[in-house]
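Report on the structure
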Amino acid sequence: MTVERILPTEESYELLGLAREIARGELAPRVDDYEARGEFPRDVLRTLGRAGLLGLPYPEADGGGGQPYEVYLQVLETLASSWLAIAEAVSVHALSCFPVAAYGTERQRKSLPDMLGGDLLGAYCLSEPQGGSDAGALTTRADRDGDYYRLTGTKAWITHGGKADFYTVFCRTGGPGPEGISCVVAEAGTPGLLPQTPERLMGLRSSPPAQIVFDDARVSTDRLVGEEGSGFRIAMTALDSGRLGIAACAVGLAQAAVDYAAAYAKEREQFGRKIGSFQGLGFMLADMATQVSAARALTLAAARLKDAGRPFSVEAAKAKLFATDTAMKVTTDAVQVLGGYGFVADHPVERWFREAKLLQIVEGTNQIQRLVIARSLVR
């Protein structure tokens, strides 16, 4: 189903059309093969970079697309409807570029055209094995040694781990708590930066994360982003935008599930009738479609706040919470619509069902989103 869009410029429509063309022509035909083999599609990210779709929300002067977040999220949604791992990779890459784009020195920002153009792929290193939600308690250290930091510790669940060209690392340069955290950018190949064996995932098998061990890795002090002690603020600011990216991915996944289930219900016959004509199933489809529309509206409303320069952190949490819960519910129902066929790999709904679960966890679990929203109400 083609969803009606209202975009700010003609260029925005063209970008969305290009995203649809790539999603249908290049992503959809390849996703099953890459998922089955568990192979990361690095070449696809380069293709998106050359097409100008990898750095859409960043200024043109930095090599980005100069597009509003509202447009960028709809592109992400379109990509996710064909291949969630690709859309999530775009979202994580954009997140990895944010510290340099927003807080980097003039020298650091010279790398932005290569970052935003897809020549350099990024990884966002915040979570650790002993804690993901409590980012302020991270333990990876960066100890000053002349003109270098010596990084020691382990990061976990790192998308693009072992595949990235640069790692945006949040580490402790000071004492305990958020105020002791800083941000540095380490290049792949840095001695002592050791990607581990990729995780074996329930879903998104073509983009498995990996732990990154820092074993006395030496990173030049000119790779510090912002000031020492500003890393936690940078990380949380980035995550507000990243949560909207995941919300958009969830909307795209859920829309694909609705479309597939509805198409199946129009063809499948039982008791001499198309199953979509039975009220019980028809109402299920109606609820699925309504929930996806509501998730999209909530996500784009938060994006418009961001584009207007207004506070959007709480609205981003609401969007991430609602959209990813919706994706889980809708993909579950899509499996039910297909019955036994929904449980076999011949139909994509079983993959979407597995993938939706991850979206409730990444970029802050949905329990953390509820905590953010609740605190805003009683603050």
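Only a predicted model underlies this, so the values are computations on that prediction, with no experimental measurement involved. (Residues numbered from 1 in each chain as written. Predicted model: local features only at pLDDT ≥ 70, side-chain atom pairs only at ≥ 80, totals over all residues. Heavy atoms only, no water.)

Once that is clear, we can look at the overall build of the chain. Counting secondary structure elements, the chain contains 12 helices and 10 strands. Computed over the C-alpha atoms, the radius of gyration of the chain is 21 Å, within 12% of the 21 Å expected from 2.2 N^0.38 for a compact globule of 379 residues. In terms of principal-axis extent, the alpha carbons of the chain reach across some 80 × 45 × 40 Å. When the 379 residues of the chain are sorted by exposure, 52% land in the buried category. The contacts of the chain with a sequence gap of at least 6 include a subset with a gap of at least 24, amounting to 73%. Roughly 16,400 Å² of accessible area belongs to the chain as shown, and the carbon and sulfur atoms make up 53% of that amount. Between the centroid of the 40 positive side chains of the chain and the centroid of its 46 negative side chains there is a distance of 4 Å. (Helix = DSSP H or I, 4+ residues; strand = E, 2+ residues; numbered from the N terminus. Rg over C-alpha atoms; globule rule 2.2 N^0.38 Å. Buried < 20%, exposed > 50% of the residue type's maximum accessible area, 1.4 Å probe, protein only. Contact = heavy atoms within 4.5 Å. Areas by Shrake-Rupley, 256 points an atom, 1.4 Å probe, with all protein chains shown as cover. Lys, Arg positive; Asp, Glu negative; His and termini not counted. Charge placed at Lys NZ, Arg CZ, Asp CG, Glu CD.)

Annotation from UniProt places "domain: Acyl-CoA dehydrogenase/oxidase N-terminal" (unreviewed entry) at residues 9-118. As annotated, residues 9-118 has a helix share of 68% and a strand share of 0%, and its two end C-alpha atoms lie 24 Å apart. (UniProt positions renumbered as here; feature names shortened; annotations may be inferred.)

Contact pair helix α8 (residues 231-267) / helix α9 (residues 279-307): the axes reach a minimum separation of 9 Å and the direction vectors enclose 155°. It follows from the interaxial angle that α8 and α9 lie roughly antiparallel. Judged by the sense of rotation from one axis to the other, the crossing of α8 with α9 is left-handed. Judged by residue contacts, Ser241, Leu244, Ala247, Ala248, Val251, Ala254, Gln255, Ala257, Val258, Ala261, Ala262 and Ala265 of α8 engage Leu281, Leu285, Met288, Ala289, Val292, Ala295, Arg296, Thr299, Ala302, Ala303 and Lys306 from α9. A class-by-class count of the residues in the contact of α8 with α9 yields 18 nonpolar, 3 polar and 2 charged. (Axes fitted to C-alpha atoms, helices over the stretch in contact; angles between N-to-C directions. Parallel < 35°, antiparallel > 145°, perpendicular 65-115°, else oblique. Left-handed = near helix turned anticlockwise from the far one by under 90°. Nonpolar A, V, L, I, M, F, W, Y, C, P; charged D, E, K, R; others polar.)

What the rule picks out here adds up to 6 aromatic pairs. Relative to Trp83, the ring of Tyr34 has its centre 5.5 Å away and its plane inclined at 55°; by these criteria the two rings are tilted. You can see Tyr34 sitting in helix α2 (residues 31-37) and its partner Trp83 sitting in the loop between α4 (69-80) and α5 (84-103), a full 49 residues away along the chain. Above the face of the Phe278 ring, Arg273 is positioned so that its terminal group lies 4.1 Å from the ring centre. The residue whose ring lies beneath Lys306 is Tyr69, and the NZ or CZ to ring-centre distance is 4.9 Å. (Phe/Tyr/Trp six-rings, centres within 6.5 Å; stacked < 30°, edge-to-face > 60°. Lys NZ or Arg CZ within 6 Å of the ring centre and 35° of its normal.)

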